[in-house]
Structures are given as structure tokens and as C-alpha cells.
Amino acid sequence: MERQPVASADPRRVRQTRQIPKEGALPHEAHTHTHDLAAEAFEPPYPDPAPALEAGAGAVDQRRVAAAVRELLLAIGEDPDRDGLQGTPGRVARAYAEMFAGLHQDPAEILGTTFDIGHSEMVLVKDIPFYSTCEHHLVPFHGHAHVGYIPGSDGMVTGLSKLARLVDLFARRPQVQERLTTQIVEAIVEHLRPAGVIVVIECEHLCMSMRGVRKPGAKTVTSAVRGQLRETATRAEAMSLILGR
Ligand SMILES: Nc1nc2c(ncn2[C@@H]2O[C@H](COP(=O)(O)OP(=O)(O)OP(=O)(O)O)[C@@H](O)[C@H]2O)c(=O)[nH]1
Ligand SMILES: [Zn+2]
């Protein structure tokens, strides 16, 4: 399979990697390297840039991510050259390419598939699982999205899977839950021109569970509503469908 081009590495990073001080280095850094650290940072196993799993992944500079992860490991007092960590910068780079692919995707491409079936009642896809990354701590937040809309007067609907793809597109970015919620709503308003839209998101934020305030299980619920779904009766119908498990 043909690999996606990866943006060229920033030469400043190469120099920076070369200048890792040896004097005063931690004990694990004391052993002699028989090869250039910079070259090592850009060769397999760090990184072996992943083929783009999906649109957008190829636009993440995996070589630069790998070099940064190597620095991060050194900064926390680890030895990036020990068994077990040698492939880690490359792995993280490949994972980040996937986790942040949404930065480089266009919602218009997802919502371009529409069908004129003359449907004018609410369509709701609920319990869409997703994983995102908290932009404050770069740890995951995850949960479920519920996406509903009432088609516009032209009766145009989109494919059901496209609503789930739209959630992933915005989730695969450094995010806060509130922005994730409104971006999904705004994309549907812009591209489907519906009569109404509702998005409800329920999440657990690992930055609140595993560190900091340490409240595992606490759920954050956000909603964004536009058009006819702001009206009391239609909103209540949508909420009862969402909450009815
Ligand atoms: N509104 C909002 N806040 C978030 C989200 N994700 C994380 N946060 C919060 O961002 C805040 C960052 O607060 P800071 O005081 O700058 O960072 P901190 O010292 O690490 O805060 P603590 O998490 O309380 O330890 C925290 O209260 C997080 O709970 C989100 O999606 N939306
Ligand atoms: Zn956080």
C-alpha cells in the first residue's frame, strides 16, 4: 500500500535533538551511543510513519511528534533507549496521527452524501460512542453523543453513519466538550440546512478521574439545540428519545 507523504521534519528539531547534554545526564543516559541520536529519532523504530488510516492522518507530522515524545521521556526521567521504550515515540506518533486526524478533515466531505427522501420528521442517532482528547491536559475524555435533526423543507437527509463520522471528525482534535458539542451542531446547520438540530454529549473526563480532583465516574453533560428543536414540545420529544434507554 502506498504511504501518505509525511511533512518534512523541522531541521531545528534535528539540531535540538543532537544537543542533548551528556554532562550531568541521568545515569541511564550515561551509556555510549554508537549512532547519532538525531538520526535515530528519524529512523525506524521511531518513527515508522503510519499509512493514513483515514483522511487527515497523513497531515500530522509524525517525525516531529516522535522527536517530541523522545524529549518527553527524557524529561520525566525515563530512558527512551531502554527495551520497551525504543519503539514508543514512533507508536505515539502513529497514535496521534489517528487521534488528531480530525484537525485535517472537512465536514463538508462527510455531509456531502444526502438523499432526497422527503422525510420531514426527526431523525436521531443516539449512543454514539467516541473518544476525544482534553485540550488542557492531553488525556482522553470519552462518552456518548446523541445527534438528532429535523430535515429542512426540501426533505434532504444524510446517511446515518455520517452523523457518527461527524462526531469522530470533531472528537479527533484537542477539544473541550462544549466546543465539540457546538461544532457538531453548527456543521449540521451549515451543511444540511435542517429545520432543527439537537446534540447531547455525556462524557467522563480522565483529567478529572485519574489526576487532579480525582472523581472517577463524574459525568459531564452538554447540549446544543438549534431551530425547531428549541421549541418545548419537540425538544421534550427528542430528550425523551435520548433518555429512553
Ligand atoms: N469547561 C471545560 N473544562 C474542562 C474540560 N476538560 C477539562 N476541563 C477543565 O479545565 C480546567 C483546567 O483548569 P486549570 O486550573 O487551568 O488546570 P489544573 O490545575 O490542571 O486543574 P485541575 O484539573 O482542577 O487540577 C479543569 O477544571 C478541568 O476540569 C472541558 O471539556 N470543558
Ligand atoms: Zn483535562
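The structure displayed is predicted, hence computed values, not measured ones.

Reading the values: the criteria
Residues numbered from 1 in each chain as written. Chains lettered and ligands numbered in written order. Predicted model: local features only at pLDDT ≥ 70, side-chain atom pairs only at ≥ 80, totals over all residues. Heavy atoms only, no water. Pairing = 2+ DSSP bridges. Helix = DSSP H or I, 4+ residues; strand = E, 2+ residues; numbered from the N terminus. Donors = N, O, S within 2.8 Å, 3.2 Å for Na, K, Ca; no water. Buried < 20%, exposed > 50% of the residue type's maximum accessible area, 1.4 Å probe, protein only. Core = buried A, V, L, I, M, F, W, Y, C linked by side-chain atoms within 4.5 Å. Contact = heavy atoms within 4.5 Å. 1 Å grid on protein atoms, 1.4 Å probe; cavity = no way out; pocket = protein on both sides within 12 Å on 5 of 7 lines; lining within 4 Å. Points joined across faces, edges and corners; volume = space filled by probe spheres on them. Phe/Tyr/Trp six-rings, centres within 6.5 Å; stacked < 30°, edge-to-face > 60°. Expected span 1.5 Å × (residues − 1). UniProt positions renumbered as here; feature names shortened; annotations may be inferred. Salt bridge = Lys/Arg side-chain N within 4 Å of Asp/Glu carboxyl O.

## Section: the pairing of strand β2 (residues 123–134)
Where β2 lies against strand β3 (residues 140–150), 9 bridges are found, and the strand directions are antiparallel. The residue bridging Leu 124 from the neighbouring strand is Gly 148, located in β3. Hairpin connection, β2 to β3: the antiparallel pair is bridged by 5 residues, and Leu 138 has positive phi, about 55 degrees. Pairing of β2 with strand β5 (residues 174–175) involves 2 bridges; the strand directions are parallel.

## Remarks on the coordination of the zinc ion (ligand 2)
The coordination sphere of the zinc ion (ligand 2) contains the protein donors Cys 134 (SG), His 137 (ND1) and Cys 207 (SG), at a distance range of 2.0 to 2.3 Å. Read N to C, the donor residues that coordinate the zinc ion (ligand 2) are spaced as C-x2-H-x69-C. Of this pair, His 137 sits in the loop between β2 and β3 while Cys 207 sits in helix α8 (residues 206–209), and the two are 70 residues apart along the sequence. Owing to a relative accessible area of 36%, His 137 belongs among the partly exposed residues under this scheme. On the basis of relative accessible area, Cys 207 is assigned to the buried category, the value being 11%.

## Here's the deal with the nonpolar core
Core analysis: the largest hydrophobic core is formed by 31 residues, its most contacted members being Phe 130, Val 147, Tyr 149, Leu 180, Ile 184, Ile 188 and Ile 201. Of all the elements in the fold, those that place two or more residues in this core are β2, β3, α6 (160–171), α7 (177–192) and β6 (196–205). Here Leu 180 is in contact with Phe 130, Phe 141, Val 167, Phe 170, Ala 171, Gln 175 and Ile 201, once residues within four sequence places are set aside. The next biggest cluster of nonpolar side chains, apart from the first, holds 10 residues, and it includes Ala 57, Val 65, Ala 93 and Ala 97.

## Comments concerning the pairing of β3
Burial analysis of β3 places 8 of its 11 residues in the buried class, the great majority of the element. Judged from the 10 bridges that link them, β3 and β6 form a sheet pairing that is antiparallel. Its bridge partner lying in β6, Gly 143 is registered against Cys 203.

## Comments concerning the layout of surface pockets
Here the largest pocket is characterised by a volume of approximately 290 Å³. Lining the largest pocket are Val 60, Val 65, Ala 68, Val 69, Leu 72, Leu 73, Ile 76, Thr 88, Val 92, Tyr 96, Phe 100 and Leu 138. Of all the elements in the fold, those that place two or more residues in the lining of the largest pocket are α3 (62–75) and α4 (88–99). Ranked by residues supplied to the lining of the largest pocket, first place goes to α3 with 5 residues.

## What about the sheet that holds β2?
One open sheet accounts for 5 strands, arranged β5-β2-β3-β6-β7; its pairing is mixed. Edge positions in the open sheet fall to β5 and β7 (220–227), since each of these has one partner strand only.

## Some words on the side chain of Thr 158
Within the fold, Thr 158 resides in strand β4 (residues 156–158). Relative accessible area serves as the criterion here: at 4%, Thr 158 is assigned to the buried category.

## Observations regarding the packing of aromatic side chains
Inspection of every chain in the model, using the stated rule, returns 2 aromatic pairs. Ring geometry for Tyr 96 and Phe 100: centres 5.0 Å apart, planes at 85 degrees, overall edge-to-face.

## Quick notes on α6
The α-helix advances 3.6 residues per turn, and as a result positions three or four apart in sequence lie on the same side. Taking 1.5 Å of rise per residue, the 12 residues of α6 would be expected to cover 16 Å, and the 17 Å separating its terminal C-alpha atoms lies within 8% of that figure. The set of residues buried in α6 consists of Leu 163, Leu 166, Val 167, Leu 169, Phe 170 and Ala 171. Contact partners of the buried residues in α6: α5 (107–110), β2, β3, β4, β5 and α7.

## Brief notes about the UniProt feature "binding site: Zn(2+)" (unreviewed entry) in the protein
Feature annotation in UniProt assigns "binding site: Zn(2+)" (unreviewed entry) to the following positions: Cys 134, His 137 and Cys 207. In sequence the annotated residues extend across 74 residues, while in space they remain close, none of their C-alpha pairs exceeding 7.7 Å. Non-local contacts of His 137, meaning those with residues more than four positions away in its chain, are made with Cys 207 and Arg 211. Setting aside residues no more than four positions away along its own chain, Cys 207 makes contact with Cys 134, His 137, Val 139, Pro 140 and Gly 212.

## Brief notes about the pattern of salt bridges
This structure, assessed with the given rule, holds 5 salt bridges. Note that Glu 78 is salt-bridged to Arg 82, the shortest N-O span being 2.8 Å. The exposure class of Glu 78 is partly exposed, given its relative accessible area of 24%. Across the salt bridge formed by Glu 135 and Arg 179, the nearest N and O atoms sit 2.9 Å from each other. You can see Glu 135 sitting in the loop between β2 and β3 and its partner Arg 179 sitting in helix α7, a full 44 residues away along the chain. Judged by its relative accessible area of 30%, Arg 179 falls in the partly exposed class.

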